[in-house]
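Here is how the chains run, residue by residue.
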Amino acid sequence: MRDSLNQNFFKSSNDSRKSSSDDLALWRSIKNGNDLAFSSLYNRYAQQLFNYGMHLCHNRELCKDSIQELFTYLWNRKESLSEIDSVKYYLLKSFRNLLIKSIEKDRKFFVDLDDKHEQFQPETFVEEEIILKEINFLKREKMNFALSNIPKRQREIIVLRYFNEMNYQEISSLMGISVPSAHNLLSKSLQSMLAIIGKSK
Amino acid sequence: MNYPKSNYSEFSVEDFIMDPFFKEWVIQSSPEADEFWIHWKEENPSKVEILEDAKKAVLALEKSQFTLKEEEFKEIWKGINSSKTQKPAIVEKTKRRLAIWPYASAAAFLVLLLAFFWIRMPKEIEYLTGYGETQKIILPDSSIVILNASSKLTFIDNWESEAAREIWIEGEAFFEVKHMQDHQPFKVWSSNGIGIEVLGTEFNVYNRSNETEVVLNSGVVSLSFPVKEKEGKILMKPGEMVQFKDSKFQKKEVNASLYTSWKDDVLNLDETSLKDILNVAKTNYGVDVEIENEAVLELTASGSMPLSDAENFMKQVSMIFNIEITKEENKYLIK
């Protein structure tokens, strides 16, 4: 037995990337009405979905509501869930649809970050800003600048690839583009982001 | 660090930011990783710019991650659970819209009345943990329970008016029971009908797939068994373990801390076989394992290993037993 095992190292290297190995087993248990499996699925994906949603619409309440709606929907029709290839893909896709639907239904809550005529700062944005400032004033501000100032599609693909670790097949079908254009879009997006980081330095 | 190191000289910015070894170095550097990358830069001077860009990108991305606060995370989960049951009511409301006011006010009154009684009625309280998660619970009598992964604890919140404090457990839990002035007993029930009765004490209950194990750390407990002919009852002393399986029980002297260390996020091993450890991986993390060579299952190890999540668990198992473990789609393969 090695005493030199460094617990912190393992913890930090794993916290952002939960293993997807037993997703499908969870999925099957949920179909059979296992609420432990259901809570595991929530624990595993709520943060990931939230981060993705926030980059899509920057509206905290809307993202929270949509996560709640998605999981409620899942549980209420668990018996009729079909066999799927990737639980993560299914969740992100359904969550995206829900968000887009609510955004269209209720445009006044929608803050389009690409909209350069934006005159006001919505409350949620201000709240987020305060939190960010508390943690690390200078760094945070500059960094947040980088992702929020590139076009929406570019931001989305970076988030899907980097945070959600989707592969290109999944990204292309989620965003409705071909695999080669997904490759192009991602490298273009990284360039835009780097250009902004460079400028703000 | 056991990351397989790739051929970094061919890497683009994107390849770098998706590479776990690189990413970890950017987020929290370590002396070994620093050394590796300093050396790499010297060997690949033309690629330094790509590396620096990737580093900037990772930092920018990590800083722009949004997270739910703990209260929000819990609030959403509460919302999900309450809309599970409210569903029929909502359907009703949207379907009929005419002349509902007289009914509505009567109904509202009724709801209030019911709510009043419902609040006063003892409630069944349930705690669940998912794979790889433990939870500390403080009971109404301020006894403490630590619930291990993939377990369930239920009780009815009416202890003040009842003769005994009763709790039901599936999975595994550690109890620190508070002794009451009036000597009110504390009873734990396992799913196969075993009753554990105590006054104030510390013990661990393991109840998975029709097997129950009770390990006593301090104090005294009495166990009752659902044996058909006569009612079985045993008294346990600290440092003893009682196993109950297939209507038979067995009493052993054990090192109690081996069975309860999980509550401090540590797994203590004492010539524990790989087979038993993989069993823990399965019940606590839901991990599926396939083994090529069954002989390795008999290997044993002693010492302690920290517990966090499935991936880390398997990584440590691979290091401890010096065996190769590869991860496939949804299971681990042991060579």
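Bear in mind the structure is a predicted one, so any value in this text is a computation, not a measurement.

1. Examining the overall build of chain A
At step 1: Each helix and strand counted, chain A has 9 helices and 0 strands in total.
At step 2: Each helix and strand of chain A, ordered N terminal to C terminal, gives the series α-α-α-α-α-α-α-α-α.
At step 3: Counting the 201 residues in chain A, one finds 35% classified as buried.
At step 4: Sequence separation of at least 24 residues holds for 71% of the intrachain contacts in chain A that already meet a minimum separation of 6.

2. Notes on helix α8 (residues 274–285) of chain B
Residues three or four positions apart in an α-helix share a direction because the helix packs 3.6 residues into each turn.
Residue and element names in this part refer to chain B.
At step 1: The first and last C-alpha atoms of α8 sit 16 Å apart over 12 residues, in line with the 16 Å expected at 1.5 Å per residue.
At step 2: By the burial criterion, the buried members of α8 are Leu 274, Ile 277, Leu 278, Asn 284 and Tyr 285. Summarising the axial view, the buried residues of α8 lie within an arc of 140°, below the 170-degree limit, and thus occupy one face.
At step 3: The inward-facing, buried residues of α8 abut β14 (266–273), β15 (289–291) and α9 (310–320).
At step 4: Looking one or two residues past α8, Gly 286 carries a phi angle of roughly 70°, positive in sign.

3. Focus on the sheet that holds strand β18 (residues 332–334) of chain B
Residue and element names in this part refer to chain B.
At step 1: Reading across the sheet, the 3 strands line up as β15-β18-β17 and stay open at both edges, with mixed pairing between neighbours. One side of each edge strand has no neighbouring strand; the edge strands of this open sheet are β15 and β17 (325–327). For this sheet, the mean angle separating the axes of adjacent strands, direction not counted, is 25°.
At step 2: Both β15 and β18 contribute to a ladder of 3 bridges, which runs parallel.

4. Section: the nonpolar core
At step 1: Judged by nonpolar contacts, the single largest core of 59 residues is most densely connected at Ala 46, Leu 49, Phe 50, Ile 67 and Met 193 of chain A together with Ala 57 of chain B.
At step 2: Sort the elements by how many residues they give to this core and helix α3 (residues 35–57) of chain A lands first, with 13 residues.
At step 3: Residues within four places of Ala 57 of chain B in sequence aside, it is in contact with Leu 190, Met 193 and Leu 194 of chain A together with Val 13 and Ile 17 of chain B.
At step 4: In terms of nonpolar packing, the next biggest core, distinct from the first, is built from 31 residues, Ile 169, Phe 175, Trp 189 and Met 241 of chain B among them.

5. What about the confidence of the model for chain A?
All names here are of chain A.
At step 1: For chain A, mean pLDDT is 75; residues scoring 70 or higher make up 68% of the total.
At step 2: Here residues 108–127 scores under 50 on pLDDT; set against residues more than four positions off or in separate chains, the count is 20 contacts.
At step 3: This stretch, residues 129–143, has a pLDDT under 50; its non-local contacts, to residues over four places away or in other chains, come to 11 contacts.

6. Examining the interface of chain B and chain A
A common way to report how large an interface is uses the accessible area buried once the components associate.
At step 1: Taken together, the 53 residues of chain B in the interface contact 47 residues of chain A.
At step 2: Contributing elements (two or more residues each) for the side of chain B that touches chain A: α1 (13–17), α4 (48–63), α5 (70–95), β16 (300–306) and α9 of chain B.
At step 3: The biggest single contributor to the side of chain B that touches chain A is α5 of chain B, with 9 residues.
At step 4: When grouped by side-chain class, the residues that make up the side of chain B that touches chain A number 22 nonpolar, 15 polar and 16 charged.

7. Some remarks on unusual backbone geometry
Residues and elements named next belong to chain A.
At step 1: Notably, Glu 165 is not glycine yet its phi reads approximately 50°, a positive angle.
At step 2: Position of Glu 165 among the secondary structure elements: in the loop between α7 (152–162) and α8 (168–175).
At step 3: Accessibility expressed as a C-beta count within 10 Å gives 14 for Glu 165, which makes it partly exposed.

Thresholds applied
- Residues numbered from 1 in each chain as written.
- Chains lettered and ligands numbered in written order.
- Predicted model: local features only at pLDDT ≥ 70, side-chain atom pairs only at ≥ 80, totals over all residues.
- Helix = DSSP H or I, 4+ residues; strand = E, 2+ residues; numbered from the N terminus.
- Buried ≥ 20, exposed ≤ 12 C-beta atoms within 10 Å, placed from the backbone.
- Contact = placed C-beta atoms within 7 Å.
- Expected span 1.5 Å × (residues − 1).
- Arc of directions from axis to C-beta.
- Pairing = 2+ DSSP bridges.
- Axes fitted to C-alpha atoms, helices over the stretch in contact; angles between N-to-C directions.
- Core = buried A, V, L, I, M, F, W, Y, C linked by C-beta atoms within 7 Å.
- pLDDT = per-residue confidence, 0-100.
- Nonpolar A, V, L, I, M, F, W, Y, C, P; charged D, E, K, R; others polar.

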